[in-house]
Structure formats: structure tokens, C-alpha cells
Amino acid sequence: MKRPKATPEYLEISANFTEIEIQVLYLIFADLGARSDAEWLDKDTFLSFFPLTGLWGQRLFKKFDTKHTNHIDFTEFLNGLIP
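Notes on the structure in this doc start here. Everything numeric here is computed off the predicted structure, so don't read it as measured data.

Let us look at the overall build of the chain. In terms of helices and strands, the chain carries five helices and two strands. Counting from the amino terminus, the chain carries its helices and strands in the arrangement α-α-β-α-α-β-α. Projected onto the principal axes, the alpha-carbon positions of the chain cover approximately 35 × 25 × 20 Å. Nonlocal contacts in the chain, meaning residues at least 24 apart in sequence, comprise 48% of its contacts between residues at least 6 apart. Taking the average place of the 9 positive charges on the side chains of the chain and the average place of its 12 negative ones, the gap between the two points comes to 4 Å.

This paragraph deals with the side chain of Asp65. Within the element layout of this structure, Asp65 appears in the loop between α4 (54-64) and β2 (71-72). Lys43 provides the closest opposite charge to the buried, unpaired Asp65, separated from it by 7.4 Å. A polar contact is formed between the side chain of Asp65 and the backbone nitrogen of Thr69, at a distance of 3.1 Å.

This brings us to the packing of aromatic side chains. Here the structure, examined in full by the defined rule, presents 10 aromatic pairs. For the pair Phe50 and Phe64, a centre-to-centre distance of 5.6 Å together with 40° between the ring planes defines the contact as tilted. Of the two residues, Phe50 sits in the loop between α3 (43-49) and α4 while Phe64 sits in helix α4, which places them 14 residues apart along the sequence. Where Phe64 meets Phe77, the ring centres are 6.3 Å apart and the plane angle is 45°; that geometry is what we call tilted.

Here we take up unusual backbone geometry. Backbone geometry at His68 places phi at a positive 55°, although glycine is not the residue there. Within the secondary structure layout, His68 lies in the loop between α4 and β2. The class for His68 is exposed, based on a relative accessible area of 68%. Of note in the backbone geometry, Asn70 takes a positive phi value of approximately 65° without being a glycine.

Our focus in this paragraph is the side chain of Glu76. With respect to the helices and strands, the residue Glu76 is situated in helix α5 (residues 74-80). One buried charged residue, Glu76, forms no salt bridge at all, with the nearest opposite charge on Lys67 at 5.1 Å. Separated by 3.1 Å, the side chain of Glu76 and the backbone nitrogen of Thr66 make a polar contact. Those residues in contact with Glu76 that sit more than four places away from it in its chain are Phe64, Asp65, Thr66, Lys67, His68 and His71.

With 17 residues, helix α2 (residues 19-35) extends 25 Å between its outermost C-alpha atoms, agreeing within 8% with the 24 Å of an ideal straight helix rising 1.5 Å per residue. Of the residues making up α2, those classed as buried are Ile22, Leu25, Tyr26, Phe29, Ala30, Leu32 and Gly33. Down the axis, α2 shows its buried residues gathered within 165° of arc, on one side only. Summarising the geometry of α2, the exposed residues directed more than 90 degrees from the buried face are Ile20, Leu27, Ala34 and Arg35. Contacts from the buried residues of α2 go to α1 (8-14), β1 (41-42), α3, β2 and α5. Following α2 by one or two positions, Asp37 has its phi on the positive side, about 50°.

Criteria and cut-off values
- Residue positions are counted from 1 within each chain, in the order its sequence is given.
- Where local features are concerned, this predicted model is filtered to residues with pLDDT of at least 70; where side-chain atom pairs are given and counted, the filter is 80 or more; whole-chain, interface and lining totals use all residues.
- In computing side-chain values, all of the structure's heavy atoms are included and hydrogens and water are not.
- Where helices and strands are cited, they refer to DSSP runs of H or I of at least four residues and of E of at least two residues respectively, numbered from the N terminus.
- Here, residues are in contact when the closest pair of their heavy atoms is within 4.5 Å.
- Charged-residue counts in this description rest on Lys and Arg as positive and Asp and Glu as negative, His and the chain ends being excluded.
- Here the site of a charge means NZ on Lys, CZ on Arg, CG on Asp, or CD on Glu.
- Per-residue accessibility, obtained with a 1.4 Å probe over protein chains only, is compared with the maximum for each type, and a residue is labelled buried under 20%, exposed over 50%, and partly exposed between these values.
- Each reported salt bridge corresponds to a side-chain nitrogen of Lys or Arg within 4 Å of a carboxyl oxygen of Asp or Glu.
- In the analysis that follows, any N or O atom pair within 3.5 Å is treated as a polar contact, provided that within protein one partner can donate a hydrogen and the other can accept it, and provided that, for residues neighboring in sequence, both atoms belong to side chains.
- The pairing test for Phe, Tyr and Trp rings, Trp by its six-membered ring, is centres within 6.5 Å, and the orientation test on the planes gives stacked under 30 degrees, edge-to-face over 60, and tilted for anything in between.
- Expected helix span is given by 1.5 Å per residue-to-residue step, counting one fewer step than there are residues.
- By construction, the arc corresponds to the directions joining the helix axis to the C-beta atoms.

Take a look at the structure:
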């Protein structure tokens, strides 16, 4: 799995993190992506990492899935973690 291209959206979102934080978050994201055999996180994999039951897990997934694709790419993952 490779890191996303430096689109304006990615650059804006990644500015909220240090380079080391991005590297660590990318390793987490890549590990989770490997579990779902994709370059993104499906809902089941996402909920295994953020184990919130029922409605709470669904709502958190929707908060991260800003592109409404039913999966989360790395840019969305970073965006969801902005403090």
C-alpha cells in the first residue's frame, strides 16, 4: 500500500500532524488495509480497530467516511483523527 498523492486536500489535512505522526498513522492504516485486502478500510475492519457497538460504531464510521464510499482512504482516516 502506498501513501496518497500530495493533492491539495491531503496537504491541507496532513498539515495538522507532524511527519512522524503521519508515518505512524500510515503504518496503522496500512496494517488495517492489509486485513481487508484493499487500499482502504472497509467498515468491518474499521470497527475492529474502533470497537464501538451498535449505533456508536456506525456513526463514527460515517464521520470518517466523508466521501460516502462505504470505505475510508488514508486522507479520510487522517481527517477523522484531526484533534
